[in-house]
Structure formats: C-alpha cells, structure tokens
Amino acid sequence: MYMQNPVFIPGPTNMPEVLRRAVDMPTLDHRSALFAEILHPALRGVKAVLKTETAEIFVFPSTGTGGWETAITNTLSPGDRILAARNGMFSQRWIDMCQRHGLDVTVVETPWGDGIPADRFEEILTADRSHEIKAVLATHNETATGVRSDIAAVRRALDAAGHPALLYVDGVSSIASMDFRMDEWGVDIAVTGSQKGFMLPAGLAITAFSPRALALVDTAKLPRTFFDIRDMRRGYAANGYPYTPAVGLLNGLKLSTELLLAEGLDAVFARHRRIADGVRAAVRAWGMELCATAPALHSDTVSAVRTPAGFDATALVTHAATVYDVAFGVGLGEVAGKVFRIGHLGHLTDVMALSGLATAEMCMADLGLPVRLGSGVAAAQETYRATAATSARKAA
Ligand SMILES: *Cc1c(COP(=O)(O)O)cnc(C)c1O
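Residues numbered from 1 in each chain as written. Predicted model: local features only at pLDDT ≥ 70, side-chain atom pairs only at ≥ 80, totals over all residues. Heavy atoms only, no water.

(A) Representation of helix H9 (residues 247-263) in the model. Taking 1.5 Å as the rise per residue, H9 with 17 residues should run 24 Å; its terminal C-alpha atoms sit 24 Å apart, in good agreement. Listed in full, the buried residues belonging to H9 are Val247, Gly248, Leu249, Leu250, Asn251, Gly252, Leu253, Ser256, Thr257 and Leu260. Buried residues along H9 sit in contact with helix H1 (17-23), helix H2 (33-50), strand E1 (56-61), strand E9 (204-209) and helix H10 (265-285). In the stretch just after H9, Gly264 is the one whose phi turns positive, near 100°. (Helix = DSSP H or I, 4+ residues; strand = E, 2+ residues; numbered from the N terminus. Expected span 1.5 Å × (residues − 1). Buried < 20%, exposed > 50% of the residue type's maximum accessible area, 1.4 Å probe, protein only. Contact = heavy atoms within 4.5 Å.)

(B) Focus on the site of the ligand. Close contacts around the ligand come from 13 residues, with Thr63, Thr65, Thr143, Asp170 and Lys196 the closest. Between the ligand and Asp170, the relevant distance is 2.6 Å, taken from a nitrogen atom to a side-chain nitrogen or oxygen of the residue. Taking Lys196, its side chain carries an N or O atom lying 2.7 Å from an oxygen atom of the ligand. In terms of residue class, the shell around the ligand is made up of three nonpolar, eight polar and two charged. (Near = heavy atom within 4 Å. Polar contact = N/O pair within 3.5 Å; in protein donor to acceptor, adjacent residues only side chain to side chain. Nonpolar A, V, L, I, M, F, W, Y, C, P; charged D, E, K, R; others polar.)

(C) Molecular detail of unusual backbone geometry. Note that the residue after Gly11, namely Pro12, is joined by a cis bond; omega there is -5°. Among the secondary structure elements, Pro12 is positioned in the segment before H1. Positive phi, normally seen in glycine, also occurs at His131, with a value near 55°. Take His131: it is sitting in the loop between helix H5 (118-127) and strand E4 (133-139). Not every positive phi belongs to a glycine, and Asn239 is a case in point at roughly 60°. Checked against the element boundaries, Asn239 lands in the loop between helix H8 (229-237) and H9.

(D) A look at helix H12 (residues 350-366). Helix length check: H12, at 17 residues, gives a terminal C-alpha distance of 24 Å against a target of 24 Å (1.5 Å per residue), a fit within 8%. Taken together, the buried positions of H12 are occupied by Asp350, Met352, Ala353, Leu354, Gly356, Leu357, Thr359, Ala360, Glu361, Cys363 and Met364. One or two steps after H12, the chain reaches Gly368, where phi turns positive at roughly 85°.

(E) Structural detail: the sheet that holds strand E13 (residues 339-343). As summarised here, the arrangement of the four strands in space is E10-E11-E13-E12, forming an open sheet in which the pairing is antiparallel. Edge positions in the open sheet fall to strand E10 (289-290) and strand E12 (329-330), since each of these has one partner strand only. Direction of pairing for strand E11 (residues 302-306) relative to E13: antiparallel, over a ladder of five bridges. Bridge pairing links Val302 to Gly343 in E13. With respect to the sheet, helix H11 (residues 313-324) is in contact with E12 and E13, its orientation differing from that of E13 by roughly 45°. (Pairing = 2+ DSSP bridges. Axes fitted to C-alpha atoms, helices over the stretch in contact; angles between N-to-C directions.)

(F) Quick look at the pattern of salt bridges. Evaluated as defined, the whole model comprises 24 salt bridges. Across the pair Glu258 and Lys254 runs a salt bridge, and its minimum N-O distance is 3.4 Å. Here the residue Glu258 and the residue Lys254 both occupy positions in helix H9, the gap between them amounting to four residues, near one helical turn. With its nearest N and O atoms 3.0 Å apart, the salt bridge here joins Arg385 to Glu382. Within this pair, Arg385 and its partner Glu382 are both found in helix H13 (residues 375-395), separated by three residues, close to a single helical turn. Accessibility expressed as a relative area gives 60% for Arg385, which makes it exposed. A cluster of three or more residues bridged by salt bridges with shared partners is formed by Arg148, Arg273, Asp277, Arg280 and Asp300. (Salt bridge = Lys/Arg side-chain N within 4 Å of Asp/Glu carboxyl O.)

So, in structure tokens, the structure goes:
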C-alpha cells in the first residue's frame, strides 16, 4: 500500500511522519540510562498537556481501555458505589467494565446526543448523605455521538453537594485535542491512549492520578497485577518499568508532547476548533444534523452526522471504504445505521479535511441522497478561507 488517503475515523488518527519515525527505533536496553532520557521527558510532557502540577503520570503498554482498568482497580473495592451517565457507547463500555469488576454502578440514562447531566448528578450526590458513592465517572468526549461534556460542571455538582467522591475522566478522544484542565477541574484520575490526540499508533494507556486518588491505592481491594501503579511507580523511580516498556511508543510520546507544547496548547485547540467548524458548516450545507443536540455540546474531534430517516448510514461508510479507499466511522450501539462519524482530530489540515468532505459527498450522491456535489465542501472552504489568514499571521 504505497498510495494512501488520510483516515477520518476518530482514532487511530493520522500520524505525522516525524512521529512515525520517532516510534521506529532500534532496540535499546530498557534498563539503560538512555531509556530514562525517553521516559521522564515523556511523563513530564503528559503532565503539561493535562495541565496538572500535582498528579502522577503512569503509562502502561495497553490502550485507553486498560487505562480505565488502571483507574478502577487501583482505587476501588468490590461493591463500591459509582455514579455514571450512559450517553453513548464509550460511557456504556466503562460502565460495563465497572459492573464486571463487581462495582455497584448508579447509571443515569441520558439520551445519546446529550451531555452528562450535571444537575442530575448534583441531586443524586446531595441525596447520598452517607457518602456511599466513591467515584463519579465522566466521559469528557463521547466519541460515539460527538458530544463534549462539561467536566467543570461535573466538578461544580460534586462541590455543590459537598460530596467527597472522586472524579474519574475518560479523556481518550479529547486530551491533546481539546482543552483539558486536570487541576482546575479537580479531576482525580484522567485516562487516555496514544492513538488519538497524541497522533501515535495504539499501544499506550496514559493515566494521571491526583494525590487523593493515589492515597487510595493501598486500601483498594480490587485485584490488580499488570496495572498496579505501585509497581509502576517503583519502576519509574529506578528509571525503568516493572516489565518491558514499549520504548518506541514512549519515544513517540516524548516527541508528541514536545510538538504539542511547542505549537502551544491553545493553538492546538484552536486548530481543532477551526477544522471542526468547517466540518460542521459542511453538515449544515448538506441539510443534515449532528447527533449532538446543542452547539455547546459539539465535539471538536469527531462529528456524528445523522443521515435522513430510512437511509443506512453504515452503507455510506462501507461504500467510502470499498469505492474510494477512505475510512469514516460507523454509528455504534443505539445510533448504529443512523449516523456516520467524521473524525477530525490529531494530524489533520484544512486540505485533508476538505478531501474527506468531498469523499462523503461522492458517497452520498452515489447512494442517492439528495446532496449537491460541492455544497458541503464549499461551506467548509468558506470557513477555512475566512480563518486561514489568522493562523498564517500567528505563524509569522
Ligand atoms: C477510543 C476511546 C476509548 C477506547 O480506547 P482504546 O484505546 O481503544 O482502548 C475509550 N473512550 C473513548 C472516549 C474513546 O474515544
């Protein structure tokens, strides 16, 4: 495969050449001083991206899902009560993992397309006078529906209820692409992976534990071995791992954080917003709607586009893959067949985004949807033209 289109799935994301090269390394001794020069800057870089001074970072050879398991097994005990909203496939999977670990999850059923109902959380937390709820789970960006939830509002709900539960946030499809403020929002555990905002291959679970979360590690009774952060911490103190680290991926993570921080986190977030605005303009021009029910909920990393009733949205994704060699995301769970997803995070330029929109239009036309070729592309072009000068000025 020597000719390749960009992908428009919401992870794994397109990789910049410079990061691909950083991951492709000769074998090196992971107990050597050389490894320490990769490990510690990578951990420091992640801290800066998460905007935390106080959290400790633990990176496992795994994926975001392993990050969830790291969060719950290191801090909770069987039977512990958890509060979570179900508003998409990823929040659903996290809830399922907690239940399989014997946790007692209070699920707030939330329409797919809505964000986390912080007001409902506040009521439930206020009613929990004996403080049985040990943790609140929040999926910052629900990748299945393209919905961004307000984590600061979830923190305010906890504070307003005067409730001591910890706040665990899945930031797998938001961190390094959308603003994330671990300390300011009082996040106790943040979870992500390497293959989304960090623009690397899959293979790392990236977690951050606040001091409050760290304090629970010795009393938590859920079994853990591979994901025990105490072993990982001892490893880091000796410049190593409790087992063999994914050295190339960690080298990629070091460079990825350097690139993001050199660009400036605000510039990274603005870039994602701009690209997403163009995609949203295209969706409007097509006469379609996003799954996210209000503009404040629009994700800057993924758009789930509702196709007209009676049309199988998955057919569009299959058609794009087989006819044009372009990957979009299918609808998952409750919205399967009703939406297709355009991932627009990580390494993506205006020009790449326009090619994805053009392809989506070709597929719609091929499959008989009443969309005029070029209509969405033109709307996105206007968005990008109107804002391009600003970023060129900034770069100068
Ligand atoms: C991708 C994703 C996950 C799963 O991560 P894996 O790395 O595939 O295990 C979890 N949560 C969200 C919000 C995601 O987007």
